[in-house]
Amino acid sequence: MKILLLGSGELGKEFVIAAQRIGQTIIAVDSYENAPAMQVAHGFEVINMLDGEALDRIVAKHKPDFIVPEIEAIRTERFYDYEKQGITVVPSAKAANFTMNRKAIRDLAAKELGLKTAKYQYATSAEELQKAVQEVGIPCVAKPLMSSSGKGQSTIKTESDIEKAWQYAVAGSRGDVIEVIVEAFVNFHSEITLLTITQNNNPTLFCAPIGHRQERGDYQESWQPAKVSDADLYEAQDMAEKITEALGGAGLFGVEFFLTDEGVYFSELSPRPHDTGMVTLAGTQNFNEFELHLRAILKLPIFEITLEKAGASAVILASEDSNNPTFTGIEKVAALPKTDFRIFGKPTSRPYRRMGVVLSHDTLGTPIENVVERAKTASKLITVNS
C-alpha cells in the first residue's frame, strides 16, 4: 500500500519505520526538507499543508491508498473530497477535522456525548477572553484552538495575565483560525493518556494507561503503567470508546484525561500516535503504539495488547538555536542498564525543542517511580550543542 504521511516529525518517523518493516510505501510530507520521517521514507514532498491546492497536487501526483495526518496544521476540509475519491483518510476525514480543532472536539465531547469536561468558553479577541475568564473563573488555562505540543498554552492566575495569555495563544496558533479556548482549572491529582485502538471489524482495544508530567504544556516524562483505580480506568475507557466511535474510522487515538477526587475528566484527543506513547518504544507492550496504528489502518487483526514491562520516557531538549545541532553524552546513556535512547534527527534546534528521548524499562511490579527517575537522570546526561 502507498501511504501519504502529512507531517514528518519524530512520531511520523517511528510510524514510517513500522510501515517499512512490513513492506509499505511511504511518502513523507512536511514544510521543511530533511524532517525526521523523510529520512526513512521512500520519498518526500515539501509543501505548506495549509495550502489546499498544493495538498491536492501531491494527492493527485502520488495517488495514495491512505492519507495519515501527523500534525494539526493541514487543510483538513479537503479530506472529505479525498474520501470520495476512494482514499482512506486515517482514522477518518471526520476524526481528522474534529480533532484538528479543539472547538469541534470539545463540543462533541461535552455537548453531544455528555462527557465530563472542564467548564470552558471560547474567545476571538482579548476582550472576549476577558469575558470568558470571568465566566469560567481564575485560575484557568487558555489554549489556541489549533496548536500542538503545548504551543500557545498558558495558565491565567490573575487578571493581569489575560492580555499576555491572548498574545501568547495567537503566537502559538497553527493554521488560520485565531480563536482561543479557555478552560476552568481542574484540580487533578494526575493526568493519563489512554491509547485507544479502533478497528474496522474487531473490538476497540485499550493499552495500559500512561501517566505523564508536563511543563509549558508539553510532556517531559511519561510512564506505563500509570497507577489508576479500576473505577477510574473503566470510566476513562467508556469515555474513550464513546468519542472514538463518534469520530469513526480505524487507527490509534491518544485520549487524555484528568483524574480527580470527583472522577475522570475528558481533556483532549489526538487521532494518531501520541507523544507520551513514546514510552511504548521501551518494550512495555507486545506492539508499540506505531505498530498498533499501522495494523489498525491496514485492517490487520490485533488479537490482544499485552503489558510486558514497566517503562518510562524522558525528553531530551535543546537549549539554544542551531542549524547544525550535535550531541554529547550519548555514550554515558548507552552504558546504563535497562536504558536506551532515540535521537530524532531534527536538522535544527531551538530552546525547548524536543530532540530525542531516553527510554528505561524494568520488570512488571518494579516501582514505576524508580523507572521514571532512571529515565530522567539519564536524559540529563545528553546535551544538545549548537
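As annotated in an unreviewed UniProt entry, the protein carries the name Formate-dependent phosphoribosylglycinamide formyltransferase and is attributed to Flavobacterium flavipigmentatum. The UniProt entry for the protein carries this comment under Sequence similarities (unreviewed entry): "Belongs to the PurK/PurT family." As stated in UniProt under Function (unreviewed entry), the record for the protein gives "Involved in the de novo purine biosynthesis. Catalyzes the transfer of formate to 5-phospho-ribosyl-glycinamide (GAR), producing 5-phospho-ribosyl-N-formylglycinamide (FGAR). Formate is provided by PurU via hydrolysis of 10-formyl-tetrahydrofolate."

If you tally the helices and strands in the protein, you get 11 helices and 20 strands. Compactness check: the protein gives a C-alpha radius of gyration of 20 Å against a globular reference of 21 Å for 386 residues, within 12% of the reference. The principal-axis extent of the C-alpha atoms belonging to the protein is close to 50 × 50 × 45 Å. Among the 386 residues that make up the protein, the fraction classed as buried is 57%. Put simply, of all contacts in the protein between residues at least 6 apart along the chain, 63% involve residues at least 24 apart.

Here we come to the pattern of salt bridges. A side chain with one charge may pair with a side chain of the opposite charge, provided their charged atoms come close. In this structure the tally under the stated criterion is 23 salt bridges. For lysine 164, the salt bridge goes to aspartate 161, with nearest N and O atoms at 4.0 Å. The buried category is assigned to aspartate 161, whose relative accessible area is 16%.

Across its 18 residues, helix 8 (residues 230-247) extends 26 Å between first and last C-alpha, which sits within 8% of the 26 Å expected from 1.5 Å per residue. Listing the buried residues of helix 8 in full gives Asp232, Leu233, Ala236, Met239, Ala240, Ile243, Thr244 and Leu247. Within helix 8, the buried residues cover an arc of 130° as seen down the axis, which keeps them to one side. Of the exposed residues in helix 8, the ones pointing more than 90 degrees away from its buried face are Asp230, Ala231, Tyr234 and Glu245. Those residues of helix 8 that are buried lie in contact with helix 4 (93-99), helix 5 (102-112), strand 10 (190-198), strand 11 (205-206), strand 14 (251-260) and strand 15 (263-270). Just downstream of helix 8, glycine 248 is the residue with a positive phi angle, here 80°.

Two strands in a sheet stick together by hydrogen bonds in their backbones, pointing the same way (parallel) or opposite ways (antiparallel). An order of 6-9-7-8 is seen for the 4 strands of this open sheet, with the pairing classed as antiparallel. Looking at which strands have only one partner, the edges of the open sheet turn out to be strand 6 (120-123) and strand 8 (154-156). This sheet shows a mean twist of 30° between the axes of neighbouring strands, independent of strand direction. Contacting strand 6, strand 7 (140-144) and strand 9 (180-184), helix 5 crosses the sheet at an angle of about 155° to strand 6.

Position of aspartate 107 relative to the elements: it lies in helix 5. In contact with aspartate 107, other than residues within four places in its own chain, are Glu112, Tyr120 and Tyr122.

With 8 of 8 residues buried, strand 15 lies mostly within the body of the structure. Alignment of strand 14 against strand 15, held across 7 bridges, turns out to be antiparallel. Bridged to phenylalanine 257 within strand 15 is phenylalanine 266.

Once that is clear, we can look at the nonpolar core. Ranked by size, the top nonpolar core spans 30 residues in total, and within it Ile243, Leu247, Phe257, Phe266 and Leu269 carry the most contacts. Secondary-structure elements contributing two or more residues to this core are helix 5, strand 10, helix 8, strand 14, strand 15, strand 16 (310-317) and helix 11 (368-379). Each residue touching leucine 247, except ones within four places of it in the same chain, is listed here: Ser92, Lys94, Ala95, Phe98, Thr99, Ile105, Leu108, Phe253 and Leu269. Leu11, Val16, Val90 and Met278 belong to the second largest nonpolar core, which has 28 residues in total.

The next subject is the UniProt feature "binding site: N(1)-(5-phospho-beta-D-ribosyl)glycinamide" (unreviewed entry) in the protein. Within this structure's numbering, the places UniProt gives as "binding site: N(1)-(5-phospho-beta-D-ribosyl)glycinamide" (unreviewed entry) are Glu10, Leu11, Glu70, Asp275, Lys346, Arg353 and Arg354. The residue glutamate 70 is located in the loop between strand 4 (66-69) and helix 3 (79-84) in this model. Apart from residues lying up to four places away in sequence, glutamate 70 is in contact with Leu5, Leu6, Gly7, Ser8, Gly9, Glu10, Leu11, Gly12 and Arg272. In this fold, arginine 353 is placed in the loop between strand 18 (339-343) and strand 19 (354-362). Those residues in contact with arginine 353 that lie beyond four places of it in its chain are Tyr32, Ile316, Leu317, Ala318, Lys346 and Thr348.

What counts, and where the lines are drawn
- Residues numbered from 1 in each chain as written.
- Predicted model: local features only at pLDDT ≥ 70, side-chain atom pairs only at ≥ 80, totals over all residues.
- Heavy atoms only, no water.
- UniProt positions renumbered as here; feature names shortened; annotations may be inferred.
- Helix = DSSP H or I, 4+ residues; strand = E, 2+ residues; numbered from the N terminus.
- Rg over C-alpha atoms; globule rule 2.2 N^0.38 Å.
- Buried < 20%, exposed > 50% of the residue type's maximum accessible area, 1.4 Å probe, protein only.
- Contact = heavy atoms within 4.5 Å.
- Salt bridge = Lys/Arg side-chain N within 4 Å of Asp/Glu carboxyl O.
- Expected span 1.5 Å × (residues − 1).
- Arc of directions from axis to C-beta.
- Pairing = 2+ DSSP bridges.
- Axes fitted to C-alpha atoms, helices over the stretch in contact; angles between N-to-C directions.
- Core = buried A, V, L, I, M, F, W, Y, C linked by side-chain atoms within 4.5 Å.

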